Amino acid sequence: MRFHRFSFVYAAALFLILLAGCSTNHSDSNASAAPPSSTHSSVSTAPQPVVHEQPAVDQIADLVASMSLTEKIGQMVLVGMDGTEVQPEISSLIKERQVGGIILYSNNIVSASQTNKLVNGLKQINHDAGGKLPLLLSADQEGGRVSRLPKEITSFPASKTVGSTNDTKYAYQVGTALGEAMNAVGLNTDFAPVLDVNTNPKNPVIGDRAFGATAKVVSSMGVNEMLGIMSQGVIPAVKHFPGHGDTSVDSHFGLPVVNHDLQRLRSIEFMPFSSAIKEGVPIVMVGHILMSKLDSNTPASMSRIVIQNYLRSELKFDGVVITDDMTMGAVEKFKAIGPASVQAVLAGSDIILVGHDLTQQQAVLNALMTAAKSGKIPQSVIDASVYRIAKLKESFNLSDQPTPLANVSTLNHHIQTALKR
């Protein structure tokens with residue numbers, strides 16, 4: 001496409017040059033000897049043709065326009081599943097509800113060969129169902145105590161251990177190895193790295209999942225690990241915006257409250273996310289955290305103020321926004337999962353993560369569909385989200401083609417080499 005457009009502009013420019021030359025008065029044999037004192041321009045004043053370049057076809061927009069409402073809503077929901085094999089429930093969610101992604105947890109993963117078979121089975125179902133977009137196949141693979149890869153694959157250090165080296169090249173190496181390991185079992189999306197600044201030593205949920213206690217360390221080390229993951233064609237999703245580092249409540253069980261003012265948030269909590277956005281992070285996960293000085297009534301994952309005013313407008317993030325798991329206690333204590341998910345979409349979330357419970361997953365899909373049909377969620381909002389999701393999948397060349405089984409010994413050698421300093 002670029003070649004043809006360039007050729008057209010080049011030909012048009014050549015035509016203008018020839019036209020200008022032809023417009024010179026050739027009947028005057030002495031024209032070339034005209035005195036320099038002449039006050040008349042030798043350039044033709046005749047109107048010149050205007051060259052209009054044809055607009056590029058936006059294939060992603062065409063794809064979104066071709067999708068049914070069921071397909072669009074499905075792309076906006078990422079679900080967990082039961083078991084270590086494809087079960088009827090997850091098969092139905094892919095076939096009938098067209099869900100756009102799956103998250104695997106430790107209870108879904110036994111070995112590299114089993115995970116490979118499971119992932120390829122999910123891909124095959126999506127392909128056979130005529131899915132217009134490939135699946136996001138994801139896991140929380142951070143390292144340390146939050147690790148989802150099979151036990152036979154070399155374990156990764158916690159982010160705190162990586163951060164303590166203060167070696168950005170090492171962080172990049174670790175990220176590269178993480179990406180390679182995810183690829184090896186067929187996963188294309190990693191909910192990592194954690195970009196929370198762990199300023200509260202008593203934080204019950206972050207701790208050694210953070211790279212450190214300063215924004216500078218978390219920014220430099222976290223962003224380099226992110227870039228390493230991306231170098232392997234795996235999608236990193238940084239978390240948990242706007243910052244879960246200074247909380248005393250675990251959002252899996254309750255709603256954390258952060259009382260810092262905007263000046264403090266900009267100088268510490270926002271900084272790592274800002275750095276990641278400048279380096280092209282594709283997904284930002286928004287946490288279930290009440291930022292009292294930004295929006296005293298609504299958790300960040302459902303707050304239009306937090307997502308639109310700060311993440312989108314101030315930090316200039318134009319990628320995909322995903323919620324943290326909507327089955328967590330922080331949401332349950334705030335609002336029922338269906339209305340909460342509708343509120344999250346209206347606030348600016350593109351993907352709703354529902355990690356557990358088929359009933360909860362169906363409730364979210366049904367609530368979004370009802371809100372879309374009634375106009376509560378405008379069609380333009382849905383289309384904008386699906387466009388971002390489709391663009392993300394296209395830009396990382398995701399595919400439902402089966403992933404070949406990796407050589408675990410070779411993979412482990414690569415990981416061990418990357419982890420050496």
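Residues numbered from 1 in each chain as written. Predicted model: local features only at pLDDT ≥ 70, side-chain atom pairs only at ≥ 80, totals over all residues. Heavy atoms only, no water.

Q: Any details on the overall build of the protein? Residues and values, ideally.
A: Counting its regular elements, the protein contains 16 helices and 10 strands. Residues counted as buried form 51% of the 421 residues belonging to the protein. Within the protein, contacts between residues separated by at least 24 positions form 79% of all contacts whose residues are at least 6 apart in sequence. Accessible surface computed for the protein: about 19300 Å², of which carbon and sulfur atoms make up 54%. (Helix = DSSP H or I, 4+ residues; strand = E, 2+ residues; numbered from the N terminus. Buried < 20%, exposed > 50% of the residue type's maximum accessible area, 1.4 Å probe, protein only. Contact = heavy atoms within 4.5 Å. Areas by Shrake-Rupley, 256 points an atom, 1.4 Å probe, with all protein chains shown as cover.)

Q: A description of helix α13 (residues 337-347) should follow, citing residues and the corresponding values.
A: Side chains three or four residues apart in an α-helix point the same way, a direct result of the helix having 3.6 residues per turn. In terms of residue burial, α13 counts as a mostly covered element, since 8 of its 11 residues are buried. Among the residues of α13, Ile337, Gly338, Ala340, Ser341, Val342, Ala344, Val345 and Ala347 are the ones counted as buried. Those residues of α13 that are buried are in contact with α11 (304-314), β9 (320-323), α12 (329-332), β10 (352-354), α14 (358-374) and α15 (379-395). The positive-phi residue at the C-terminal boundary of α13 is Gly348, with phi of around 125°.

Q: Can you break down the pairing of strand β3 (residues 136-139) residue by residue, with the values?
A: Burial along β3 is two-sided: Leu136 and Ser138 and Leu137 and Ala139, pointing in opposite directions, are all buried. Two strands pair when backbone bridges link them, and strand β2 (residues 101-104) and β3 are joined in this way by 4 bridges, in the parallel orientation. Bridge pairing links Leu104 to Ala139 in β3. Both β3 and strand β4 (residues 189-190) contribute to a ladder of 2 bridges, which runs parallel. Note that in β4 the partner of Ser138 across the bridge is Thr189. (Pairing = 2+ DSSP bridges.)

Q: A description of the environment of Gly80 should follow, citing residues and the corresponding values.
A: Inspection of the secondary structure puts Gly80 in the loop between β1 (77-79) and α4 (88-95). Sequence separation of Gly80 and Gly101 is 21 residues, and the distance between their C-alpha atoms is 8.7 Å. Excluding residues within four positions of it along the chain, Gly80 makes contact with Ile90, Ile103, Val354, Gly355 and Gln361.

Q: I'd like a description of the sheet that holds β2, backed by residues and values.
A: One open sheet accounts for 8 strands, arranged β9-β7-β5-β4-β3-β2-β1-β10; its pairing is parallel. Only two strands of the sheet have a single partner each, and these edge strands are β9 and β10. Strand contacts of α11: β5 (235-241), β7 (283-286) and β9, with the helix running at about 150° to β7, the strand carrying the most contacts. (Axes fitted to C-alpha atoms, helices over the stretch in contact; angles between N-to-C directions.)

Q: Go over the confidence of the model for the protein with me, naming the residues and quoting the values.
A: Per-chain confidence: the protein averages 88 in pLDDT, with 86% of residues scoring 70 or above. Of the regions scoring below 50 in pLDDT, residues 1-46 engages in 15 contacts with residues more than four places distant in sequence or in other chains. (pLDDT = per-residue confidence, 0-100.)

Q: Any chance you could break down the pairing of β2 for me, citing the residues and the numbers?
A: Burial along β2 is two-sided: Gly101 and Ile103 facing one way and Ile102 and Leu104 facing the other are all buried. Looking at chain direction, β1 and β2 are connected through 2 bridges and run parallel. Across the sheet, residue Leu78 finds its bridge partner in β2, namely Gly101. You can see the chain leave β1, run along α4 and come back into β2, and the turn it takes is right-handed. (Right-handed = clockwise from strand over helix to strand, strands pointing away.)

Q: Explain the side chain of Asn200 to me, using residue names and the numbers behind them.
A: With respect to the element layout, Asn200 can be found in the loop between β4 and α8 (215-231). Overall, Asn200 belongs to the buried group, its relative accessible area being 15%. A distance of 2.9 Å separates the side chain of Asn200 from the backbone nitrogen of Lys202, its partner in a polar contact. (Polar contact = N/O pair within 3.5 Å; in protein donor to acceptor, adjacent residues only side chain to side chain.)

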